[in-house]
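A look at the structure
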Amino acid sequence: MEVRSENVQVRCDKLQAPGIPRTRLQVWFIRVCSSILLWTCLVQLVAVGELWHPKFFPNITNKVPWITLVPRHVDAVVQSPPPLVPPRNYTSNGFLKVSCNGGLNQMRAAICDMVTVARLLNLTLVVPELDKTSFWADPSNFEDIFNVRHFIDSLRDEVRIVRRLPKKYSRKYGYSPMEMPPVSWSNEKYYLQQILPLFSKHKVLHFNRTDARLANNGIPFDLQKLRCRVNFQGLKFTPKIETLGYELIRILQEKGPFVALHLRYEMDMLAFSGCTHGCSMEEAEELKRLRYAYPWWREKEIVSEERRSQGLCPLTPEEAALVLQALGIDKDTHIYIAAGEIYGGEKRLAALRAAFPRIVRKEMLLDPAELQLFQNHSSQMAALDFMVSTASDIFIPTYDGNMAKVVEGHRRSLGFKKSILLDRKILVGLLDMHHNGTLSFNEFTVAVRLAHEKRMGQPTRRRVIADKPKEEDYFYANPQECFCEGTNCADLPGYGNLSGIQGAQVSDLLS
């Protein structure tokens, strides 16, 4: 028998078998059957392993019984991609190019919005460009963070998505697209009446800013559903990110139920919000210099204590420690810090670590070599925190920024997993009263719990404030349309004036 590989020829003696001559075809047939048999055995072994794998850790009840950590196990299951859905057949009105701005989760929401706009206007969407010029200076492209093939294929029945513009529409060939930012918080009417007519003159429109360019409310139900579909299904992280993210989750779950604390006490947040409570004079001056160094940040002079009293500042690590204790989180609970570098480093975390010794970060759980590829890529690091926060038993953000809101929405989509949404305006008053001795810790604990009984991520309708979209509830924090049967959301409890009611109850308690 001869086996040829390019120009290399190897001769083997024929195997002698009385009465059964083996041809080359028979040998290959045996090999194929053997391979199938081996793979079948492997699949069966994996299935048996999954059957016997423990799905739940023993329940841990906190010292204060009103919060119970119920463990949920997340397995990273490698699945074959689903069959491709048939593409939607439509005549494209032109190409929509978008440049996202901001951090990972602001860009994530913007991508969902831009897919929806492209669907509404029958456009062809070019794979979005990510922000590389912001404070974080992350050089990552879309395909470095999101699975671009899945993004294109999973949404092809709604909108046509291409990796790049055709050559004839590129700048290299002298074509200059119309560039503009769409108006913030715009509805369907704006895009149909103001944006669509532009494509009669321009085959390519470039949106150079995409943050909050689609309204929270008043959007047709099917488009709201599409925003959810992009967010929950279309935007998958790359295999590299997912593999490491699931590894983090596995390590944490093996230790027991855990809390993800989104401690947004980072340099950029403090500088641009003007929040310097608990900082030294030197630190406050450093943060102010940073704020002035970025010309695009319009608000320069900020009164820190005034902003803090309005509930517009992230909690400090010391304040977070007191609040977690008041909420009844057991001191032996593992707490994952979902954040970048904390301003002040480990020294600033001392009080929090003293109250909760089992504080961990991704840098403590993973081998440095595993994180090496993610260094200097803040959005990829944030993607890992996003995965862990979504999978945690309890999620507690100390500031309601973009990550806090998008994670909250994802946890609602997973069966309304517990997310404790801190009312910082109430907490600041309670913390100050406790610090000046007018409120004992027991009274502080009762008041904190009373203020957050209805802020645990329960089903509720979004709060709508006419003509004040920045003050109303964010769509991606509570995409209620995606949890309703059909088009009816009437069964969801109304938002009401929860903060006002809770504030009154707290005042009554302390009077």
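Residues numbered from 1 in each chain as written. Predicted model: local features only at pLDDT ≥ 70, side-chain atom pairs only at ≥ 80, totals over all residues. Heavy atoms only, no water.

Brief notes about the overall build of the protein
Along its length, the protein carries 20 helices and 13 strands. Out of the 511 residues in the protein, the part that is buried amounts to 48%. The contacts in the protein between residues at least 6 apart in sequence include a share of 75% that link residues at least 24 apart. When the accessible area of the protein is evaluated, it comes to approximately 26600 Å², of which 56% is carbon and sulfur surface. (Helix = DSSP H or I, 4+ residues; strand = E, 2+ residues; numbered from the N terminus. Buried < 20%, exposed > 50% of the residue type's maximum accessible area, 1.4 Å probe, protein only. Contact = heavy atoms within 4.5 Å. Areas by Shrake-Rupley, 256 points an atom, 1.4 Å probe, with all protein chains shown as cover.)

Description of empty space enclosed by the protein
Inspection of every chain in the model, using the stated rule, returns three cavities of 30 Å³ or more. When its volume is computed, the largest cavity comes out at roughly 50 Å³. Taken together, Tyr265, Leu270, Cys275, Thr276, His277, Arg308, Cys313, Pro314, Thr316 and Glu319 form the lining of the largest cavity. Class assignment of the residues belonging to the lining of the largest cavity gives a composition of five nonpolar, three polar and two charged. (1 Å grid on protein atoms, 1.4 Å probe; cavity = no way out; pocket = protein on both sides within 12 Å on 5 of 7 lines; lining within 4 Å. Points joined across faces, edges and corners; volume = space filled by probe spheres on them. Nonpolar A, V, L, I, M, F, W, Y, C, P; charged D, E, K, R; others polar.)

What about the sheet that holds strand S9 (residues 204-207)?
Strand order in the open sheet made by the five strands is S7-S6-S5-S9-S8, with parallel pairing throughout. The sheet is open, and its two edges are formed by strand S7 (160-162) and strand S8 (178-180), each paired on a single side. This sheet shows a mean twist of 25 degrees between the axes of neighbouring strands, independent of strand direction. Sheet strands in contact with helix H2 (residues 104-120) are strand S5 (95-98), strand S6 (124-126) and S9, and its direction is about 165 degrees off that of S5. (Pairing = 2+ DSSP bridges. Axes fitted to C-alpha atoms, helices over the stretch in contact; angles between N-to-C directions.)

Things to note about the state of the cysteines
Counted by the stated rule, this structure contains two disulfides. One disulfide bridge connects Cys228 with Cys482, the sulfur atoms lying 1.7 Å from each other. Because the sign of the S-S torsion sets the handedness, a value of about 90 degrees for the bond joining Cys228 and Cys482 places this disulfide among the right-handed ones. Here Cys228 is found in helix H6 (residues 221-234), whereas its partner Cys482 is found in the loop between helix H19 (441-452) and helix H20 (498-510), with 254 residues between them in sequence. Take Cys228: its relative accessible area is 5%, and that puts it in the buried class. Overall, the relative accessible area of 22% leaves Cys482 in the partly exposed class. Sulfur-sulfur distance for the disulfide between Cys275 and Cys313 comes to 2.0 Å. Taking the sign of the torsion about the S-S bond as the criterion, the disulfide between Cys275 and Cys313, at about -85 degrees, is left-handed. Pair noted here: Cys275 is in the loop between helix H8 (267-273) and helix H9 (281-293) and Cys313 is in the loop between helix H10 (304-309) and helix H11 (317-326), with a separation of 38 residues, a long-range link. (Disulfide = S-S within 2.5 Å.)

Here's the deal with the packing of H2 against H6
Where H2 meets H6, the closest approach of the two axes is 9 Å, and the angle between their N-to-C directions is 135 degrees. Considering their axes alone, H2 and H6 lie oblique with respect to each other. Crossing angle aside, the handedness with which H2 passes H6 is right-handed. Facing Arg108, Cys112, Asp113, Val115, Thr116, Arg119 and Leu120 of H2, the residues of H6 in contact are Leu223, Leu226, Arg227, Val230 and Asn231. Of the residues that constitute the contact of H2 with H6, the class distribution is six nonpolar, two polar and four charged. (Parallel < 35°, antiparallel > 145°, perpendicular 65-115°, else oblique. Left-handed = near helix turned anticlockwise from the far one by under 90°.)

Re the environment of Ala451
Relative to the helices and strands, Ala451 resides in helix H19. Here the alpha-carbon distance between Ala451 and Asp423, two residues 28 residues apart in the chain, equals 7.5 Å.

Points about the nonpolar core
Within the largest apolar cluster, 75 residues are counted, with the highest numbers of intra-cluster contacts made by Phe142, Phe151, Tyr191, Ile195, Phe207 and Tyr336. For this core, the element with the highest residue contribution is H2, accounting for ten residues. Aside from chain neighbours lying at most four places away, what touches Tyr191 is Met114, Val117, Leu120, Leu121, Pro182, Val183, Ser186, Leu196, Phe207, Arg213 and Leu214. With 46 residues, the next largest nonpolar core counts Ala271, Ile335, Ile420 and Phe444 among its residues. (Core = buried A, V, L, I, M, F, W, Y, C linked by side-chain atoms within 4.5 Å.)

Quick look at the confidence of the model for the protein
The predicted model of the protein has a mean per-residue pLDDT of 85, with 79% of residues at 70 or higher. Confidence drops under pLDDT 50 across residues 1-22; counting only partners more than four residues distant or on other chains, this segment forms 14 contacts. The model gives residues 46-66 a pLDDT under 50, and that stretch makes 31 contacts with residues more than four places away or in other chains. (pLDDT = per-residue confidence, 0-100.)

Remarks on the sheet that holds strand S13 (residues 394-397)
Here we have four strands laid out as an open sheet, ordered S12-S11-S10-S13, and parallel in their pairing. Each edge of the open sheet carries a strand with a single partner, namely strand S12 (359-360) and S13. Note: strand S11 (residues 334-337) against S12, two bridges, orientation parallel. Looking across to S12, one finds that Tyr336 is bridged to Val360.

Considerations on unusual backbone geometry
Positive phi is not limited to glycine here, since Asn122 has a value of about 55 degrees. Looking at where Asn122 falls in the secondary structure, it is placed in the loop between H2 and S6. Taking the relative accessible area as the measure of exposure, Asn122 reaches 24% and is therefore partly exposed.

A closer look at the pattern of salt bridges
For the structure shown, the criterion picks out 27 salt bridges. Where Arg229 meets Glu158, a salt bridge forms, and the shortest distance between an N and an O atom there is 3.6 Å. Residue Arg229 is located in helix H6, and its partner Glu158 is located in the loop between helix H4 (148-154) and S7; the two are separated by 71 residues in the primary sequence. A salt bridge links Asp400 to Arg424; its shortest N-O distance comes to 3.1 Å. In this pair, Asp400 sits in the loop between S13 and helix H17 (402-413) while Arg424 sits in helix H18 (residues 424-435), placing the two residues 24 residues apart along the sequence. Several salt bridges converge on common partners, so that one network encompasses Arg119, Asp157, Glu158 and Arg229. (Salt bridge = Lys/Arg side-chain N within 4 Å of Asp/Glu carboxyl O.)

Quick look at the pairing of S11
What you see with S11 is no split at all: His334 and Tyr336 on one side and Ile335 and Ile337 on the other are buried throughout. Judged from the four bridges that link them, strand S10 (residues 258-262) and S11 form a sheet pairing that is parallel. Looking at the pairing, Phe258 lines up with His334 of S11.

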